[in-house]
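Residue-level listing of the chains:
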Amino acid sequence: YVKPFHPRLLGLTGTVEQVQAALKAYRIYARKVEDPAMSEYTMDHTSYIYLMGPDGTLIDLYGMDSTAAEIAAGLQRALAP
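Please read these numbers as outputs of a predicted model, since none were measured by experiment.

> Sorry if this is basic, but what is going on with the overall build of the chain here?
On a plain count of helices and strands, the chain comes out with 2 helices and 4 strands. In the chain, buried positions account for 7% of the 81 residues. Look at the contacts in the chain between residues 6 or more apart in sequence, and 9% of them connect residues 24 or more apart. For the chain, the exposed area adds up to about 7300 Å²; of that, 59% sits on carbon and sulfur atoms. Distance between charge centres in the chain, computed from 7 positive and 9 negative side chains, equals 5 Å.

Here it is as structure tokens:
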């Protein structure tokens with residue numbers, strides 16, 4: 001599913017219970033949407049970019065209204081010595 005977005009993008013997978021736990025941990029809304037007129041389903045979901053540290057801690061969170069400049073500044077702060 002994620003390959004069309006970018007070849008280095010990693011997708012989350014696991015058992016239903018594992019995925020539900022990840023959704024809860026990151027406060028993500030996700031719901032399968034099925035339309036009889038379509039041959040496949042879509043997913044309605046929260047869309048945030050999570051900037052995570054090497055130890056798995058959340059450094060910053062970017063929403064749909066975040067600009068490229070804001071994200072770049074956040075990355076610069078996170079990578080600064």
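> Just to check I follow, could you spell out unusual backbone geometry for this structure?
With the exception of glycine, most residues fall at negative phi, and the peptide bonds are largely trans. Non-glycine residue arginine 27 carries a positive phi angle of around 55°. Note that arginine 27 resides in the loop between α1 (16–25) and β1 (30–33).

> Got a minute to help me understand the pattern of salt bridges in this structure?
It is possible for side chains bearing opposite charge to pair when their charged atoms get close. Throughout the structure, instances matching the rule amount to 1 salt bridge. When the shortest N-O distance is used, the salt bridge between arginine 77 and aspartate 60 registers 3.6 Å. Of the two residues, arginine 77 sits in helix α2 (residues 68–79) while aspartate 60 sits in strand β4 (residues 58–62), which places them 17 residues apart along the sequence. For arginine 77, a relative accessible area of 56% gives the class exposed. Assessed through its relative accessible area of 24%, aspartate 60 is described here as partly exposed.

> Sorry if this is basic, but what is going on with the confidence of the model for the chain here?
If pLDDT is low for a region, its predicted coordinates should not be looked at in detail. For the chain, per-residue confidence averages 91 on the pLDDT scale, and 100% of positions sit at 70 or higher. Mean pLDDT values for the elements of the chain range from 89 in strand β2 (residues 42–45) up to 96 in α2.

> How should the packing of aromatic side chains be read in this particular structure?
The geometry of an aromatic ring pair is captured by the separation of the ring centres together with the interplanar angle, meaning the angle of the planes. Considering all chains together, one arrives at 2 aromatic pairs under this definition. The interplanar angle of 75° and the centroid separation of 5.4 Å between the aromatic rings of tyrosine 26 and tyrosine 50 together place this pair among those described as edge-to-face. Taken as a pair, tyrosine 26 in the loop between α1 and β1 and tyrosine 50 in strand β3 (residues 49–52) lie far apart in primary sequence, 24 residues in all. Aromatic pair tyrosine 48 and tyrosine 50: ring centres 6.4 Å apart, planes at 70°, arrangement edge-to-face. Among the residues examined, tyrosine 48 registers a relative accessible area of 43% and is labelled partly exposed. Aromatic rings pair up to connect Tyr26, Tyr48 and Tyr50 into one cluster. Between the NZ or CZ atom of lysine 32 and the centre of the ring of tyrosine 41, over which it lies, the distance is 4.4 Å.

> I would appreciate a short explanation of the environment of leucine 75 in the present structure.
By the element assignment, leucine 75 lies in helix α2. For the pair leucine 75 and isoleucine 59, spaced 16 residues apart in the sequence, the C-alpha separation amounts to 9.4 Å. Look past the residues within four positions of leucine 75 in its chain and what remains in contact with it is Leu51 and Tyr62.

Quick notes on the rules
Residues numbered from 1 in each chain as written. Predicted model: local features only at pLDDT ≥ 70, side-chain atom pairs only at ≥ 80, totals over all residues. Heavy atoms only, no water. Helix = DSSP H or I, 4+ residues; strand = E, 2+ residues; numbered from the N terminus. Buried < 20%, exposed > 50% of the residue type's maximum accessible area, 1.4 Å probe, protein only. Contact = heavy atoms within 4.5 Å. Areas by Shrake-Rupley, 256 points an atom, 1.4 Å probe, with all protein chains shown as cover. Lys, Arg positive; Asp, Glu negative; His and termini not counted. Charge placed at Lys NZ, Arg CZ, Asp CG, Glu CD. Salt bridge = Lys/Arg side-chain N within 4 Å of Asp/Glu carboxyl O. pLDDT = per-residue confidence, 0-100. Phe/Tyr/Trp six-rings, centres within 6.5 Å; stacked < 30°, edge-to-face > 60°. Lys NZ or Arg CZ within 6 Å of the ring centre and 35° of its normal.

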